[in-house]
Each structure stands twice: as C-alpha cells, then as structure tokens.
Amino acid sequence: MQRRSWITLSLAAAAAAVLLGWAFRPRPVEVEVAAARLGSFETTVDEDGRTRLRDRFVVAAPLAGQLQRISWREGDSVQAGQVLATLQPALSPLLGARDRAQLQAALAAAQAALQSARHQAQAAQARLSQAEHALRRSADLAGQGFVSASQLDNEALAAAQARAEHEAAQAAEETARFQWEQARAALQAARQTEAGEPFAVRAPVSGRVLKVHQTSEATVALGTPLLELGDTRRLEVLAELLTTDALQVHPGSPVRIEGWGGPAPLQAQVRLVEPGGFTKVSALGVEEQRVNVLMDLTSPPAQWAALGDGYRVGVRIITGQQARVLTVPVGALFPLPADHGGAAAGWGVFVLDGGRARLHPVTLRGRNAQQAWLGDGVQAGQSVIIYPPEAVRDGARVSPRNSP
C-alpha cells in the first residue's frame, strides 16, 4: 500500500509538472504576413498640390468716371467682348493736356505690345511647324529602324511643347490686341466726355467671373480693378517640392492626381520645374528649400470639369518604372544593426519558415510609400512578416494572423 501511494504521488507530480510546463511554455508571437511578389514597381515623389488658372485677367477701369452698379457675380460665364461694366463721365469732364498725353502714351505702349505679341506668335508658329516636321520625319525613320524610340518620344514631347507655346503666344496676342483696343477706345471716350456719352468696359476673353472687386456704384479712378476673369478649362497643377526631390523630376514626367474628390485618379504631365527655389517654414517650424513644379492635366476635360481655381489635390510624380521585379510591402523592411565599426549593415526582413521567423538580409533597390524593390535575399512566393513586433527574433516561433 505504501508503495502504491508513492507511485500515485509520483504520477500526480509528473502530471502537474507537465501541466505547468505546458501552461508556461513560450507562446508563438502573432504576426501579419504578406507574400513577396513579382510585379511592376514605381518610384514616385508624393506631395500636396493645388490647381490654378494658367491665365488670369484683371479688368480695370480704363478711365476715371462714375461706375454704374455691376450686375455680374462670381461664377457667371462671360463671352469675349461682352459688356462687363459701364462708366459715365465724371462731373468735371474736361480733358486736360496731361491726361490726354497719358492716354496717348498708353495707346502707343499698347500698340508696341501688340506688335511684339504678333511677332512672338509668328515665331511660335514657325517653331511649331519645325517641330511637327521633325516629328513626321523621325516617325518615318523610326518605321524603318533608323531612329530609336526614345528619340521619337523626345521629338513628340518637343512638338507638344511647341504647340503649347504657340497657343500661349496666340492668347498673348489676343490679350494685347484687346488692350490696344481698350486704350484706343479710352482715348476716344475721353475726347467725347464733354458730350456725356457712357463708356462700356468689355470682357477681354471668354471665361468665368472669379471675383468682383467693385459691386456698388461709385466714382473710380483710372486703373481701378473692377472684375477678375479666368477660363477654368485651362487649369494647371502647382506643387511645391523639396529641392532634393525636384532633382528627380523633369519636364514630361508622368503624374497621377489623386485625392482630389473624384472617382478615379487623373493623368497629368510635368511642364516646368521653375529654376528658382524659395524658403518655406514647415508645420514643425523647420526651414525647407522648395521649388514650384507646374503640371498640365492630360485627362479629358470632362473628367475634371468640377475642379476650380485653388482646389487641393494629391500629386504623385512618377520618376522611375520597373516592369517585373521582386517587391514586398515596405512595412516588412527594417534596418539591420550596425557592425562593430559603426558601419550600416543594410536591410533585412523576417521570412515565415515552418512556424518560425528567419532573418534574411536583403538588397534594397528602391522603395515608395507602399512597396520595396528587393534585389536578392527573398524569393517570390515566400511569406514575409509585416511590421514585426519587438518580440520577433531570428528563429522565434510565430503564428500568422492572416494568410498572404
């Protein structure tokens, strides 16, 4: 009986030890995993931007007088030549020699500006014809295999830039012509003020009213701003990039406009990286050197018709593209500890291998906000741990919460 009691106690102690060992054994660390995949990879520069009108026109009073009440309101559509405001002669309509000389000088300056704008438009037309001729010739040679695809793309970009410059020169000529007509009409109206005839201020271009500076009837001086006009169909996107990021951006770089409120991203293209930078203080109080980058929307206008002047948008400028490379989520990447000499040891990921985490050093080729491009260290299809917890070490037991 005594021997049987000892055997029972021994078995109970062994069972208790087993239960205690099972209860206090190390638990697997729960982790999230994702699969390493072969796919496309893009390097981008991401920044907030805003829309703005390419051309903005401030309509001012061409002569001093009594302004009648303006009925136009912000958002109204106007056509070129439509009457925007009416000026009545002031109580003292006599035109002095000084005023007459100023109006004559303004007319002469407008005449010279019109002549200069006409010459610039002719030069832009010549450059456009030359660029289109070069593009057609390169296209014919490319079909025969004598011109590379990159040179053909450069010719197409040069033709598009020449076309845009020609359109801008035509718009400048139209504006200069209107200003000349306004100056001539102002001089004629000033000579006729003694007869008490009203003077009509007309719209220089077709567009929409952006701002009404003077709504009520009042006596205004020469050059007083009355209204502000713009064509919302001619929008551009402005982004203020860090100068270090702007070095990766070039005219012609493709752009995706995201976060603008529409159902799908818009396509755009970098037109200009301004040559001069400026200092801007960030929200954290850090001085940063930034530069303006201008982009043209290339998506059909019907897709972004709801956009207006000064709207906030998200800008993603694509600086590089790879067709079929090994990628992992950027959250799986972490820096390895430095060696004894203090030199950086590179980057690593944890790979899920039979319920355990295995540390794999990797070669980082590039990364963006979502993905990291790896050169080696991981094979396609292997599961990597995303944002590994502090408890995860090489060889640690892990349990995935999800399957890649």
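Looking at an unreviewed UniProt entry, one finds the chain named HlyD family efflux transporter periplasmic adaptor subunit, with Ideonella dechloratans as its source organism.

Caption draft 1: Seen up close, the overall build of the chain. Each helix and strand counted, the chain has four helices and 22 strands in total. Taking all 404 residues of the chain together, 34% fall into the buried category. A separation threshold of at least 6 residues defines the contact pool for the chain, and within that pool the share at least 24 residues apart is 76%. Accessible surface, the chain as shown: approximately 23,400 Å² in total, 53% of it carbon and sulfur.

Caption draft 2: How the structure looks around the nonpolar core. Counting 31 residues, the largest nonpolar core has Ile70, Leu84, Leu87, Leu226, Leu227 and Leu229 as the members making the most contacts within it. The set of elements that each furnish at least two residues to this core consists of strand E3 (56-60), strand E6 (83-88), helix H2 (97-143), helix H3 (149-191), strand E7 (199-202), strand E8 (207-212) and strand E10 (225-230). The residues that make up this core include at least three from each of domain 3 (59-86 + 202-230) and domain 4 (93-194). Sequence-distant contacts of Leu84, that is, excluding residues within four places in its chain, are made with Val59, Ile70, Trp72, Val78, Val201, Arg202, Ala203, Leu227 and Leu229. Leu53, Leu235, Ala246 and Met295 belong to the second-largest nonpolar core, a separate cluster that totals 23 residues.

Caption draft 3: Expanded view of the pattern of salt bridges. Scanning all chains against the criterion turns up 24 salt bridges. Residues Arg256 and Glu42 are paired through a salt bridge, measuring 3.0 Å at the closest nitrogen-oxygen approach. Here Glu42 lies in strand E2 (residues 37-53) and Arg256 lies in strand E12 (residues 254-258), a separation of 214 residues in the sequence. A relative accessible area of 21% places Glu42 in the partly exposed class. The salt bridge involving Arg177 is made with Glu173; its shortest N-O contact spans 3.1 Å. Here Arg177 and its partner Glu173 are both found in helix H3, four residues apart, which amounts to about one turn of the helix.

Caption draft 4: View of the sheet that holds E7. Strand order in the open sheet formed by four strands is E7-E6-E4-E9, with antiparallel pairing between adjacent strands. Edge positions in the open sheet fall to E7 and strand E9 (218-220), since each of these has one partner strand only. This sheet shows a mean twist of 40° between the axes of neighbouring strands, independent of strand direction. Pairing between E6 and E7: four bridges, direction antiparallel. Looking at the pairing, Val83 lines up with Arg202 of E7.

Caption draft 5: Just the pairing of strand E20 (residues 371-374), in detail. By the bridge criterion, four bridges tie strand E15 (residues 312-329) to E20 in an arrangement that is antiparallel. Each bridged residue has a counterpart across the sheet, and for Leu326 the counterpart in E20 is Leu374. In this sheet, E20 lies alongside strand E19 (residues 364-367) in antiparallel orientation, the contact comprising three bridges. Considered in E20, the bridge of Leu364 is made with Leu374. Here E19 hands over to E20 after three residues, the two strands then running antiparallel side by side.

Calculation rules
Residues numbered from 1 in each chain as written. Predicted model: local features only at pLDDT ≥ 70, side-chain atom pairs only at ≥ 80, totals over all residues. Heavy atoms only, no water. Helix = DSSP H or I, 4+ residues; strand = E, 2+ residues; numbered from the N terminus. Buried < 20%, exposed > 50% of the residue type's maximum accessible area, 1.4 Å probe, protein only. Contact = heavy atoms within 4.5 Å. Areas by Shrake-Rupley, 256 points an atom, 1.4 Å probe, with all protein chains shown as cover. Core = buried A, V, L, I, M, F, W, Y, C linked by side-chain atoms within 4.5 Å. Domains from an automatic or database assignment. Salt bridge = Lys/Arg side-chain N within 4 Å of Asp/Glu carboxyl O. Pairing = 2+ DSSP bridges. Axes fitted to C-alpha atoms, helices over the stretch in contact; angles between N-to-C directions.

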